[in-house]
Number of protein chains: 2
Amino acid sequence: MDSDYPLEGSPADRRRQKVRESILAAAERVFACEGENGLSIRRLAEEIDYSPSAIYKYFGSKEELLEELKEAFFERLLVAVDRVQKSGRSFLDCSAGCLKAYVETATARPHHYAAAFSSIPAQDEQAPRTRTWEDFMNSQKGRAFHVLIDMVQQGKANGTFDPALDPIIAAKSVWASCHGLALLLIHLPAFETVQPDGISTSREASVDFHIQTILRGLRAPAAPTPSSICGTGT
Amino acid sequence: MDSDYPLEGSPADRRRQKVRESILAAAERVFACEGENGLSIRRLAEEIDYSPSAIYKYFGSKEELLEELKEAFFERLLVAVDRVQKSGRSFLDCSAGCLKAYVETATARPHHYAAAFSSIPAQDEQAPRTRTWEDFMNSQKGRAFHVLIDMVQQGKANGTFDPALDPIIAAKSVWASCHGLALLLIHLPAFETVQPDGISTSREASVDFHIQTILRGLRAPAAPTPSSICGTGT
DNA sequence: GGTACAAAGTGAACAGTGTTCACTTAATGA
DNA sequence: TCATTAAGTGAACACTGTTCACTTTGTACC
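Keep in mind that what you see is a predicted model, and the values were worked out from it rather than measured.

Calculation criteria
- Residues numbered from 1 in each chain as written.
- Chains lettered and ligands numbered in written order.
- Predicted model: local features only at pLDDT ≥ 70, side-chain atom pairs only at ≥ 80, totals over all residues.
- Helix = DSSP H or I, 4+ residues; strand = E, 2+ residues; numbered from the N terminus.
- Buried ≥ 20, exposed ≤ 12 C-beta atoms within 10 Å, placed from the backbone.
- Contact = placed C-beta atoms within 7 Å.
- Near = placed C-beta within 6 Å.
- Nonpolar A, V, L, I, M, F, W, Y, C, P; charged D, E, K, R; others polar.
- Expected span 1.5 Å × (residues − 1).
- Least-squares fit on C-alpha atoms with pLDDT ≥ 70 in both.
- Domains from an automatic or database assignment.
- Axes fitted to C-alpha atoms, helices over the stretch in contact; angles between N-to-C directions.
- Parallel < 35°, antiparallel > 145°, perpendicular 65-115°, else oblique.

A.B. asks: Looking at this structure, I do not really get the overall build of chain A. What am I missing?
C.D. replies: On a plain count of helices and strands, chain A comes out with eleven helices and zero strands. Scanning chain A from its N terminus toward the C terminus, one meets helices and strands in the order α-α-α-α-α-α-α-α-α-α-α. Out of the 234 residues in chain A, the part that is buried amounts to 29%. A fraction of 62% describes how many contacts in chain A between residues 6 or more apart in sequence connect residues 24 or more apart.

Below is the structure:
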């Protein structure tokens with residue numbers, strides 16, 4: 001979105017953009033190392049040799065600044081998924097690759113990913129109930145979610161997945177599973193290590209198993225044509 | 001653990017215990033409504049008509065106080081799981097029931113559940129690597145995790161699950177899936193609502209589908225006995 | 001060039017946070 | 001009754017996000 005080559009806008013605009021980006025870069029740096037607690041406005045100001053109040057000329061609040069960092073996760077994710085999808089693999093390989101890309105993109109920047117899902121909405125606040133679908137689908141989150149819906153629909157069409165699947169419900173389920181794995185890897189150091197004896201399974205084996213299990217759960221129940229009777233949820 | 005009937009210890013001890021519990025009760029109350037941000041030591045002190053510094057006679061730090069609230073989730077979970085397991089259902093029904101209990105226990109107190117998985121360990125800090133297994137397994141988290149391991153092993157033994165499963169890896173996978181669903185329900189109000197048109201699927205249907213998909217992913221690959229396959233929840 | 005105006009940047013201050021510590025008050029055991 | 005210990009307090013410290021009157025800087029126009 002933001003151009004890399006500074007050839008547009010007035011000199012003042014370009015300068016402003018530069019400072020803005022230096023703030024974000026500093027925030028990125030500190031946040032990656034020390035998380036939300038280590039990232040204070042004063043610390044940030046010190047890092048870029050400005051006064052704390054200067055930052056408020058660029059971002060309305062700390063929350064707003066963080067929002068920008070959070071959005072970046074879904075941008076990176078969409079890029080990674082795109083790369084997988086263009087690699088010309090088979091459907092199942094491609095699907096597994098996308099899910100793996102999700103987990104890896106998430107765990108590569110633990111603090112960013114955790115922060116992206118950190119806000120808990122107040123229970124009574126349910127006013128913006130109407131036309132949430134379009135709003136959601138136009139956000140980065142929504143676009144990433146749509147990749148999953150497409151995946152399910154494609155799998156149904158080519159006979160890999162159960163034709164009775166509701167694409168949205170199934171996509172939600174897949175998302176939840178990946179989300180959970182990413183977060184457990186991030187939050188629970190024991191999760192990787194935990195193993196009764198020295199024989200600790202590699203992280204990658206766990207991730208691969210998880211993804212294969214997710215996909216197996218969506219598979220078509222039996223042979224699609226002649227003797228396909230025993231299917232459960234048809 | 002903490003006795004309800006105040007018949008042990010000296011009067012002073014009992015008094016102390018009472019104050020301690022009133023602090024925890026107030027914390028519980030405030031935390032449930034307003035989350036970690038709304039819970040300050042001063043607010044807590046005001047709530048129980050003590051001075052802020054008094055609280056430090058009972059808890060070493062705010063962190064320590066919160067730790068106690070977080071542990072409570074796993075206690076509630078173990079109680080709920082125990083109830084399901086004693087209900088005498090079939091293996092698959094019981095398993096599904098336990099997973100559902102997990103999601104429901106988690107979403108019933110969103111702030112508590114989210115907080116229980118909120119800390120992100122520093123990347124370099126990997127000193128306590130040795131004998132983590134026993135430590136972990138003796139914690140409440142570990143005991144809850146063990147329920148899942150047992151579930152997988154039982155499923156392998158009775159032919160429901162793939163006999164090739166590694167119980168620990170499979171249990172991790174199941175945990176991750178439930179964890180992810182619970183957190184998405186907590187953090188993303190859109191997750192429940194999201195649906196292209198007014199036809200919004202109920203939350204329960206999503207949860208049930210997710211759990212069935214998890215269990216389906218662990219199923220034995222082919223028919224274990226001649227004609228005993230077609231029923232879903234035996 | 002000089003000038004008016006807006007933007008960028010600053011320092012001090014406010015209200016809030018977790019935490020500490022010297023202190024007073026209350027309860028206990030000898 | 002008195003000494004010892006625990007419980008409880010108020011003021012302070014170092015920090016936080018945020019605001020606001022202020023100065024400096026840059027830009028556009030005459």
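A.B. asks: Explain the protein's contact with DNA strand D to me, please; I cannot follow it from the model alone.
C.D. replies: Around DNA strand D sit 20 residues in total, of which A:Ser40, A:Ser53, A:Ser61, A:Lys62 and B:Ser53 are the nearest. Mapped onto the surface near DNA strand D, the elements with two or more residues apiece are α1 (11–38), α2 (41–47), α3 (52–55) and α4 (62–85) of chain A together with α1 (11–38) and α3 (52–55) of chain B. It is α2(A) that provides the largest number of residues to the surface near DNA strand D, a total of three residues. Classifying every residue of the surface near DNA strand D by side-chain character gives eight nonpolar, six polar and six charged.

A.B. asks: What should I look at first to understand helix α4 (residues 62–85) of chain B in this one?
C.D. replies: For an α-helix, the turn length of 3.6 residues means that residues three or four places apart are oriented alike. Residues and elements named next belong to chain B. With 24 residues, α4 extends 36 Å from end C-alpha to end C-alpha; this agrees with the ideal 34 Å at 1.5 Å per step. Three or more residues of α4 are buried, namely Leu 65, Leu 66, Leu 69, Phe 73, Leu 77, Val 81 and Val 84. In this fold, the buried residues of α4 make contact with α1, α5 (91–108), α6 (110–116) and α8 (140–157).

A.B. asks: Looking at this structure, I do not really get unusual backbone geometry. What am I missing?
C.D. replies: Leaving glycine out, the prevailing phi sign among residues is negative, and the prevailing peptide bond configuration is trans. For A:Asp49, which is not a glycine, the phi torsion comes out positive at approximately 60°. In this fold, A:Asp49 is placed in the loop between α2 and α3.

A.B. asks: Teacher, can you tell me more about the protein's contact with DNA strand C here?
C.D. replies: Neighbouring DNA strand C are 20 residues, the closest being A:Ser53, B:Ser40, B:Ser53, B:Ser61 and B:Lys62. Looking at the surface near DNA strand C, the elements with two or more residues in it are α1 and α3 of chain A together with α1, α2 (41–47), α3 and α4 of chain B. The element best represented in the surface near DNA strand C is α2(B), accounting for three residues. Here the residues of the surface near DNA strand C are counted per class, giving eight nonpolar, six polar and six charged.

A.B. asks: Explain the interface of chain B and chain A here, please?
C.D. replies: Note on interface size: it is often stated as the accessible area lost on association of the parts. Listed by partner, the interface residues are 47 residues for chain B and 46 residues for chain A. Secondary structure elements with two or more residues in the side of chain B that touches chain A: α6, α7 (132–138), α9 (167–187), α10 (189–193) and α11 (203–218) of chain B. Looking at the side of chain B that touches chain A element by element, the count peaks at 15 residues for α9(B). A breakdown of the residues in the side of chain B that touches chain A according to their chemical character gives 27 nonpolar, 17 polar and three charged.

A.B. asks: Can you help me understand the relation of the copies chain B and chain A in this one?
C.D. replies: One copy of the chain maps onto the second through a rotation about an axis and a displacement along it. Of the transformation superimposing chain B on chain A, the axial component is 0.0 Å and the angular component is 180°, with the fit at an RMSD of 0.1 Å. Accordingly, the operation relating the two chain copies is best matched by a two-fold axis.

A.B. asks: How do you make sense of the domain arrangement of chain A when you look at a structure like this?
C.D. replies: Along its sequence, chain A is organised into domain 1 (10–60) and domain 2 (70–118 + 129–224). In terms of residue class, the side of domain 1 of chain A that touches domain 2 of chain A is made up of two nonpolar, one polar and one charged.

A.B. asks: Is there a simple way to think about the environment of A:Lys57 in this case?
C.D. replies: Tracing the sequence through the fold places A:Lys57 in the loop between α3 and α4. Note: C-alpha distance between A:Lys57 and A:Leu78 (21 residues apart in sequence) is 31 Å.

A.B. asks: Sorry, what's going on with the packing of helix α11 (residues 203–218) of chain A against α11(B) here?
C.D. replies: For any two helices packed against each other, one specifies the inter-axial angle together with the distance between the axes. For the pair α11(A) and α11(B), interaxial distance at closest approach is 7 Å and the crossing angle is 105°. For the element pair α11(A) / α11(B), the angle class is roughly perpendicular. Residues A:Thr213, A:Ile214, A:Arg216, A:Gly217 and A:Leu218 of α11(A) touch α11(B), and the partners they reach there are B:Thr213, B:Ile214, B:Arg216, B:Gly217 and B:Leu218.

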